[in-house]
Amino acid sequence: MKKHHILFWLPLLLFLCLSSGCSKKNLLQSQSTTTGLYPYRQGELWGFCNRQKQIRIPCRYDYVEPFSEGLAKVIRHGSVGFVDTSGKEVIALIYDDAGAFSEGMAKVKHKGKWGFINRQGQWVIAPRYEAASSFRNGYAVISLHGKQGIIDRQGREIVAARYEQIEPFHEKRAAVLRNGQWGFVNTKGEEIVPPVYEEVGPFREGLAPVRRNEVVIPGPFEVAFEFINGLAMIRQGRHFGFINHQGEMVIPPVFDDVWHFQFPEYTWVAQNGKYGFINRKGQAILPLKYAEAYLVSKEMAEVKLFNGKIGYVGLHGAEFWDEADAAPQAP
């Protein structure tokens, strides 16, 4: 289960606009499944089923992940490979670890180092990195000799591996951390904003939130976040809600935990220790009954049950695991 991290701001939002006209382009990319196949768990083994829960790829793996670009990561006896929608193991299970295919390549770990392969299983970028992200908009973050940088699809170093941390490009700008301070670089590796800020957020529609020297600008909310798909998370006391660009409360702060509307129409929320999914009006589209939840595509979420097991749910309501393995309610 991937963990989510929320950046808590003070009652301050400073904004930088570094473009000759603040872009409205939404550069959010995410995994999406169009295969009609869902990870399915029978006891401790995994395979794939269709929307009607009919098994299409037998449950013979220790774990699987959703299809991305027509291929799915599978794990058996600690080794990782990929299958196609027919269930054929088109990339042999010989890797230590791997990420989903993105932009025609997948990051894979081999003999302790990360590199990138194509859909035929051929090396495109040799394994030499200590860590790597998947490609997004033509770039990937890599770690080398304890420092982070950014490479392009040919493996060329666009941003030198000299930063303590780098975030992916958003609107052609990436946040970088050096000597404990944050700034931004462009796609040429140039520092367009020097690292002088205590905290920063990604660029959205030409703007980025930053914090420096505890300056306070009074506002109606204790905590505010960047706008994503037209809504921004806010916190009042211990609860979260959402506002629109006009500052109007769209979803009241009644949730203990929430996430951005990464996909425009829905997101996950939590109340009283139970997770579920709501739409942009705050209405539940899936019940709040899971121990954890994480959206993996526009139609699928990974959830953790209160028995400690992991499963997948479709946002149309189906739960893709054995009926005999029902999810007990939280105590």
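Right above here is the structure, for reference.
Definitions and cut-offs
Residues numbered from 1 in each chain as written. Predicted model: local features only at pLDDT ≥ 70, side-chain atom pairs only at ≥ 80, totals over all residues. Heavy atoms only, no water. Pairing = 2+ DSSP bridges. Helix = DSSP H or I, 4+ residues; strand = E, 2+ residues; numbered from the N terminus. Axes fitted to C-alpha atoms, helices over the stretch in contact; angles between N-to-C directions. Core = buried A, V, L, I, M, F, W, Y, C linked by side-chain atoms within 4.5 Å. Buried < 20%, exposed > 50% of the residue type's maximum accessible area, 1.4 Å probe, protein only. Salt bridge = Lys/Arg side-chain N within 4 Å of Asp/Glu carboxyl O. Phe/Tyr/Trp six-rings, centres within 6.5 Å; stacked < 30°, edge-to-face > 60°. Lys NZ or Arg CZ within 6 Å of the ring centre and 35° of its normal. Polar contact = N/O pair within 3.5 Å; in protein donor to acceptor, adjacent residues only side chain to side chain. Contact = heavy atoms within 4.5 Å.

Points about the sheet that holds strand β3 (residues 45-49)
Link 1 in the chain: On the basis of which strands lie adjacent, the open sheet formed by three strands has the order β2-β3-β4 and antiparallel pairing. Looking at strand neighbours, the two that pair on one side only are β2 (38-42) and β4 (55-61), the edges of this open sheet. Taken pair by pair, the neighbouring strands of this sheet meet at an average axis angle of 25 degrees, ignoring direction.
Link 2 in the chain: Pairing of β3 with β4 involves three bridges; the strand directions are antiparallel. In the strand pairing of β4, Trp-46 is matched with Tyr-61.

Let's talk about the nonpolar core
Link 1 in the chain: Core analysis: the biggest nonpolar cluster contains 32 residues, and Phe-48 and Phe-82 have the highest contact counts within it.
Link 2 in the chain: Residue assignment for this core shows that the elements contributing at least two residues are β2, β3, β4, β5 (63-64), β6 (72-76), β7 (79-83), β8 (91-95) and β10 (106-110).
Link 3 in the chain: Residues Tyr-266, Ala-293, Val-313 and Leu-315 belong to the second largest nonpolar core, which totals 17 residues.

Focus: unusual backbone geometry
Link 1 in the chain: The phi torsion at His-77 lies on the positive side, around 55 degrees, for a residue other than glycine.
Link 2 in the chain: Here His-77 shows up in the loop between β6 and β7.
Link 3 in the chain: Overall, the relative accessible area of 72% leaves His-77 in the exposed class.
Link 4 in the chain: Phi angles above zero are rare outside glycine, and Glu-171 is one such case at about 55 degrees.
Link 5 in the chain: With respect to the helices and strands, Glu-171 occurs in the loop between β17 (165-166) and β18 (173-178).

Here's the deal with the pattern of salt bridges
Link 1 in the chain: For the structure shown, the criterion picks out 10 salt bridges.
Link 2 in the chain: Between Glu-89 and Arg-76 there is a salt bridge, with the nearest N and O atoms lying 3.1 Å from each other. With a gap of 13 residues between them, Glu-89 in the loop between β7 and β8 and Arg-76 in strand β6 connect regions that are remote in the sequence.
Link 3 in the chain: Beyond isolated ion pairs, a larger network of salt bridges with shared partners links Glu-65, Lys-73 and Asp-97.

Some words on the sheet that holds strand β23 (residues 223-228)
The pairing of strands in a sheet comes from backbone hydrogen bonds and takes either a parallel or an antiparallel form.
Link 1 in the chain: Strands sit in the order β23-β24-β25-β26 across an open sheet of four strands; the sheet is antiparallel. Every interior strand has two partners, whereas the edge strands, β23 and β26 (249-255), have only one. Within this sheet the neighbouring strands show an average axis-to-axis angle of 20 degrees, counted without direction.
Link 2 in the chain: The sheet contact formed by strand β25 (residues 239-243) and β26 spans three bridges and is antiparallel. Within β26, the position partnered with Phe-240 by the bridge is Phe-255.

Considering the packing of aromatic side chains
Link 1 in the chain: According to the stated counting rule, one finds 11 aromatic pairs in the structure shown.
Link 2 in the chain: Summarising the aromatic geometry, the rings of Phe-48 and Phe-67 are spaced 4.8 Å apart at their centres and angled 55 degrees between planes, so their arrangement reads as tilted. A residue pair is termed long-range when its members are at least 10 positions apart, and Phe-48 in strand β3 and Phe-67 in the loop between β5 and β6 qualify at 19 residues. A single burial state applies to Phe-48 and to Phe-67, both of which are buried.
Link 3 in the chain: Through successive ring pairs, a cluster of aromatic residues spans Trp-46, Tyr-63 and Tyr-312.
Link 4 in the chain: Over the face of the ring belonging to Trp-114 we find Lys-107, whose NZ or CZ atom lies 5.0 Å from the ring centre.
Link 5 in the chain: The ring of Phe-261 carries Arg-280 above its face, with NZ or CZ at 5.8 Å from the centroid.

Topic: the side chain of Lys-73
Link 1 in the chain: Relative to the elements of secondary structure, Lys-73 occurs in strand β6.
Link 2 in the chain: Side-chain polar atoms of Lys-73 contact the side chain of Asp-97, separated by 3.1 Å.
Link 3 in the chain: Filtering out sequence-adjacent residues up to four positions away, Lys-73 remains in contact with Tyr-63, Val-64, Glu-65, Val-80, Gly-81, Phe-82, Asp-97 and Ala-98.

Focus on the environment of Ala-100
Link 1 in the chain: Structurally, the position occupied by Ala-100 is in the loop between β9 (97-98) and β10.
Link 2 in the chain: Along the sequence, Ala-100 and Pro-66 sit 34 residues apart, while their C-alpha atoms lie 8.3 Å from each other.

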